[in-house]
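Structural description and commentary
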Amino acid sequence: MASPTTKNHSHIEIDDINEESQQITEKDIVEKDMAPLPGSSIHRSSSRPQLDVSGAAIQGNFEEKDPAILLPNQTDDISHLALDIGGSLIKLIYFSRHADRQVDDGRKRKVKERLGVTNGSRRSYPILGGRLHFVKFETSKINECLDFIHSKQLHCGGMDPRCWPSDAPPSENAVIKATGGGAYKFADLFKERLGVSIEKEDEMNCLVSGANFLLKAIRHEAFTHMEGHKEFVQIDQNDLFPYLLVNIGSGVSMIKVDGDGQFQRVSGTNVGGGTYWGLGRLLTKCKSFDELLELSQRGDNSTIDMLVGDIYGGMDYSKIGLSASTIASSFGKTISENKDLEDYKPEDISLSLLRMISYNIGQIAYLNALRFGLKRIFFGGFFIRGHAYTMDTISFAVQFWSKGDAQAMFLRHEGFLGALGAFMSYEKHGLDDLMVHQLVERFPMGAPYIGGNVHGPPLGDLNEKISWMEKFVRKGTEITAPVPMAPPATTGLGGFEVPSSKGVLRSDASKLNVGVLHLVPSLEVFPLLADPKTYEPNTIDLSDHGELEYWFTVLSEHLSDLVDKAVASEGGTDDAKRRGDAFARAFSAHLARLMEEPAAYGKLGLANLLELREECLREFHFFDAYRTIKQRENEASLAVLPDLLMELDSLTEDMRLLTLIEGVLAANIFDWGSRACVDLYHKGTIIEIYRMSRKKMQRPWRVDDFDAFKERMLGSGDRKPQPHKRALLFVDNSGADIVLGMLPLARELLRRGTEVVLVANSLPALNDVTAMELPDIVAEAAKHCDILRGAAEAGGLLVDAMSNIQDGYKENTPSVPLMVVENGCGSPCIDLRQVSSELAAAAKDADLVILEGMGRSLHTNYNAKFKCDALKLAMVKNQRLAAKLVKGNIYDCVCRYEPAS
Ligand SMILES: CC(C)(COP(=O)(O)O)[C@@H](O)C(=O)NCCC(=O)O
Ligand SMILES: [Mn+2]
């Protein structure tokens, strides 16, 4: 692991270099939004604006690509900036929104009608959608903060959302909400420089509403930190209150929180962050708070503090539970030694000070918790700065004094409580109505570098992002991935650098753990989860270091191949190569950062890593790296579909069901995310591999519940069970997987009178089929099959595609419908706590869920329990996973059936 190095931090510390640049970028830049994905309606990564669209009407020509839409009820005075101006730091939160490109074609409308999807369940959020960004500056450099606000035009909040951001000057009465002492001190400066008034918000109020929001809405917000070990705590929203909030800024406030807006400042101490920094500066000549903190990491406080052992001749004072290493008196040793300040190491002084102050705060906090019978204590404020030692010291104090009864917890957005509260005080935002499943935290390109010496204007478009990456590298500050890198790629202009031995992740990288919060109110919890509270999507826990190392290696080794595919998908141009290199660097940087601190972005599971890779591709405008491969495989598979259907139709019902399940498992071999499978593809054509795979399908499979599934489907003896009413089929890959595997299975269900909903990705991920692509594939397949044709028509799937059907056939008999819905994600895995509203609506009448593929049914959801019958089907295409999960081998198959629980 890269060891931290000392750096002099200056100016602005910023959470999102995605949009903010380093010194290297000199030009003045106007931010341009990244282009949305073509033709996709759910943008978890680039959250869309959710405006008040009631009464919306298209203005002008309906046929135009992007006609202007008039939103008569949209309030256009939404501010998107709030500040907490403290003694040492300015914390800024701003909101950004993007042009809505929602595609609502005829097919989608029909499916929605059929599923009864309305916007009724969505409450009226004035700022539905968009993103929250978290930024900080040193208060002494307030001018940089003002420049930042100006360059992003954040003070021009009250404006038409359709043309935001704009260069329009702020209106006469523009106001910005702010809290903290600086809201008073700098009010005139804001008026003078930006022409805006500051509306002051009560600091305590803001702290509490910020903390309440975070604890309720962010899944991995609170964590414990003991002896270097960080563990996220799941907070039950209904059991949050009362708690003690300890905000450690320059001074310390202790607030008993009983509910939203219900709190009391019960105590505080003047010995806080300011004391540490002030005394530390005088005693060590350090130039910044971070430098002082950095110093403490190399310190030894026993040269300064009087320990119990110093008094008791190296012994514990065990009778009263004090070990020899317990501090008896902070700085106490210096009184008995005839030394001057210069005789002590600044490192030791810093550590003594840090421990003195942290213990003191921990102790006072515990006494107050005891006073009011509070079990939970949350510590926030920028004193902590994610600093492991500080958190350990506070935790130790709370643990020590409470004898393990009370627990110190920390917050990932520790420093932003006040600013968040100020932001929430804009009444029209409705932010506090958002629920945990409607927020997605993303860690863009800059996340691994965050908080470094950022002092340039905001980053502009994609090109500037790439330049930033390239210049960063040229300056010799390339990040080092502490994982084996693939050999230099052939695609990039400069190829990959051989990783150097010196890690240059920012020295205090571990200190900032916040990403950009995407607000996506259309997301819902999948209603068929048996117990959403205990549901954990990830099967593989990456807190196990061996596991982490293995998967990081797998992803690193896959990187050069992925870049090749991505670059080729964009025509192999020089521009694509540059983007490819920048993507590889950015993703490697994420990996390096997470290798160093796996919990840096919240609780880390394999699904998060796989999704991060897709997000990173999208960030560099690779929207569908496997596009051509998918098309090729679809065509090849569609060509053999008629023969397969004929073969199936010649079988008995029993044999047909078995052959269908075999077919799904066999076709799941087409996975471009698996190293082993990609190697295999060099050995034959798609159809040859498919045939080979089917031949090898011998029961019993490694996990084989087929008989139980068959009994539920076909019954036994004379018992003929009711067919399922509606089945949700979570499909996986393009090509054989969908065409020769899942579609024939869907056809069988339809034939039996079960409605089928094909659930596919909203955005591309590897070679997964998307909801946008499926209707065309179904239409092609329907040309060879009456059942599929009738069902697809009934489900509104063939709205446009029917015109392609040559034989003029029209089904007269009513058919159960076949539908397609998007799942709300763009990842090879699926987190069922955050799915599209369409899928949630489709789930309401479903009594069978079929999850297919390694990502959706093994990496995630293998242990998920459902309210309805569930079938999990996958081929295991990774040796380690096979050994670990099913005690088997690569290419083993899983057919796991669990009746409704
Ligand atoms: C990304 C995947 C989960 C996709 O698998 P699928 O869901 O398509 O079956 C899988 O390719 C994977 O885990 N790949 C990494 C492991 C490897 O290369 O062996
Ligand atoms: Mn897949």
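Conventions adopted
- Residues numbered from 1 in each chain as written.
- Chains lettered and ligands numbered in written order.
- Predicted model: local features only at pLDDT ≥ 70, side-chain atom pairs only at ≥ 80, totals over all residues.
- Heavy atoms only, no water.
- Helix = DSSP H or I, 4+ residues; strand = E, 2+ residues; numbered from the N terminus.
- Buried < 20%, exposed > 50% of the residue type's maximum accessible area, 1.4 Å probe, protein only.
- Contact = heavy atoms within 4.5 Å.
- Areas by Shrake-Rupley, 256 points an atom, 1.4 Å probe, with all protein chains shown as cover.
- Donors = N, O, S within 2.8 Å, 3.2 Å for Na, K, Ca; no water.
- Near = heavy atom within 4 Å.
- Polar contact = N/O pair within 3.5 Å; in protein donor to acceptor, adjacent residues only side chain to side chain.
- Nonpolar A, V, L, I, M, F, W, Y, C, P; charged D, E, K, R; others polar.
- Pairing = 2+ DSSP bridges.
- Axes fitted to C-alpha atoms, helices over the stretch in contact; angles between N-to-C directions.
- Salt bridge = Lys/Arg side-chain N within 4 Å of Asp/Glu carboxyl O.
- Domains from an automatic or database assignment.
- Core = buried A, V, L, I, M, F, W, Y, C linked by side-chain atoms within 4.5 Å.
- Phe/Tyr/Trp six-rings, centres within 6.5 Å; stacked < 30°, edge-to-face > 60°.
- Arc of directions from axis to C-beta.

**Topic: the overall build of the protein**
Secondary structure assignment for the protein yields 27 helices and 28 strands. Counting over 901 residues, the protein shows a buried share of 60%. By sequence separation, contacts in the protein at least 24 residues apart represent 76% of the contacts at least 6 residues apart. Carbon together with sulfur atoms contributes 50% to the accessible area of the protein, which is approximately 34,800 Å² in total.

**Focus: the coordination of the manganese ion (ligand 2)**
Taken together, Asp-732 (OD), Asn-733 (OD1) and Asp-768 (OD) make up the full set of protein donors to the manganese ion (ligand 2), lying 2.0 to 2.1 Å away. The sequence pattern describing where the donors of the manganese ion (ligand 2) fall on their chain is D-N-x34-D. With Asp-732 in the loop between strand S23 (726–730) and helix H22 (736–751) and Asp-768 in the loop between strand S24 (755–760) and helix H23 (774–782), this pair connects stretches of sequence that are 36 residues apart. Here Asp-732 falls in the buried class, since its relative accessible area comes to 5%.

**Regarding the site of ligand 1**
Around ligand 1, the structure places 16 residues, and the nearest of them are Asp-671, Gly-855, His-859, Lys-877 and Asn-878. Take Gly-855: an N or O atom from its main chain is 2.7 Å from an oxygen atom of ligand 1. Here ligand 1 loses 97% of its free accessible area of 470 Å² to cover by the protein chains. No other element matches the three residues that helix H26 (residues 854–859) contributes to the shell around ligand 1. Split by residue class, the shell around ligand 1 holds four nonpolar, eight polar and four charged.

**Overview of the sheet that holds strand S28 (residues 893–898)**
Sheet architecture is open: seven strands sit in the order S22-S28-S27-S26-S23-S24-S25, paired in mixed fashion. Of all the strands in the sheet, just strand S22 (703–704) and strand S25 (818–822) have a single pairing partner and so form its edges. Where helix H21 (residues 706–714) meets the sheet, its contacts fall on S22, strand S26 (848–852), strand S27 (869–875) and S28, and the angle it forms with S28 comes to roughly 45 degrees.

**Considering the environment of Asp-776**
Of note, Asp-776 is situated in helix H23. According to the relative accessible area criterion, Asp-776 is exposed, its value standing at 54%. C-alpha of Asp-776 to C-alpha of Leu-604: the two residues are 172 residues apart in sequence and 36 Å apart in space.

**Here's the deal with unusual backbone geometry**
The omega angle of the peptide bond from Phe-241 to Pro-242 is -5 degrees, so this bond is cis rather than trans. Along the chain, Pro-242 turns up in the loop between strand S12 (229–232) and strand S13 (243–248). With an omega of -5 degrees, the peptide bond running from Arg-699 to Pro-700 counts as cis. Assignment of secondary structure puts Pro-700 in the loop between helix H20 (686–695) and S22. Of note in the backbone geometry, Lys-403 takes a positive phi value of approximately 55 degrees without being a glycine. Secondary-structure assignment places Lys-403 in the loop between helix H11 (388–402) and strand S19 (407–411). We classify Lys-403 as exposed; its relative accessible area is 77%. One non-glycine residue, Tyr-891, lies in the positive phi region at around 75 degrees.

**What to know about the pattern of salt bridges**
Applying the stated rule across the entire model yields 45 salt bridges. Arg-193 is the partner of Asp-147 in a salt bridge, and the nearest nitrogen-oxygen pair spans 2.7 Å. Highlighted residues: Asp-147 in helix H2 (residues 142–151) and Arg-193 in helix H4 (residues 187–194), separated in sequence by 46 residues. In this structure, Glu-199 and Lys-177 form a salt bridge, with 3.0 Å as the shortest nitrogen-oxygen distance. Of this pair, Glu-199 sits in strand S10 (residues 197–200) while Lys-177 sits in strand S9 (residues 175–179); the two residues are 22 residues apart in sequence, bridging distant segments of the chain.

**Regarding the domain arrangement of the protein**
Parsing the protein into structural domains produces domain 1 (222–304 + 344–411) and domain 2 (627–898). Each of domain 1 and domain 2 was reduced to a C-alpha centroid, and the two centroids are 52 Å apart.

**Some details on the side chain of Arg-618**
Structurally, the position occupied by Arg-618 is in helix H16 (residues 606–619). There is a polar contact of 2.7 Å between the side chain of Arg-618 and the backbone oxygen of Gly-826.

**With respect to the nonpolar core**
By size, the foremost hydrophobic cluster in this structure holds 124 residues, and its most contacted members are Phe-583, Ile-661, Leu-729, Leu-758 and Leu-818. When residues of this core are assigned to their parent elements, the largest contribution, 10 residues, is made by H22. Among all residues touching Leu-729, those that are not within four sequence positions of it are Met-742, Ala-746, Leu-749, Val-756, Val-757, Leu-758, Val-759 and Ile-850. Of all hydrophobic cores here, the second largest spans 63 residues; its members include Ile-93, Phe-148, Ala-211 and Ile-235.

**Concerning the packing of aromatic side chains**
Given two aromatic rings, their pairing is described by the distance between the two centres and the angle made by the two planes. For the structure shown, the criterion picks out 25 aromatic pairs. A centroid spacing of 6.1 Å and a plane angle of 65 degrees characterise the contact between Tyr-94 and Phe-148, whose relative ring orientation is edge-to-face. Of this pair, Tyr-94 sits in strand S6 (residues 89–96) while Phe-148 is found in helix H2, placing the two residues 54 residues apart along the sequence. Accessibility expressed as a relative area gives 4% for Phe-148, which makes it buried. Ring plane angle 40 degrees and centroid distance 6.1 Å describe the contact between Phe-223 and Phe-410, whose orientation is recorded as tilted. Here Phe-223, found in strand S11 (residues 222–226), pairs with Phe-410, found in strand S19; they are 187 residues apart in sequence, far enough to count as distant. An identical accessibility class is assigned to Phe-223 and Phe-410; each is buried. Ring pairing ties together the aromatic residues Phe-223, Phe-232, Phe-379 and Phe-410, which thus form one cluster.

**Describing H21**
Phe-706, Phe-709, Met-713 and Leu-714 are the residues of H21 that are buried. End-on, the buried residues of H21 take up no more than an arc of 105 degrees, which puts them together on one face. As for H21, its buried residues are in contact with helix H18 (653–667), S22, H22, S26, S27 and S28. Once H21 ends, the next one or two residues include Gly-715, with phi positive near 80 degrees.

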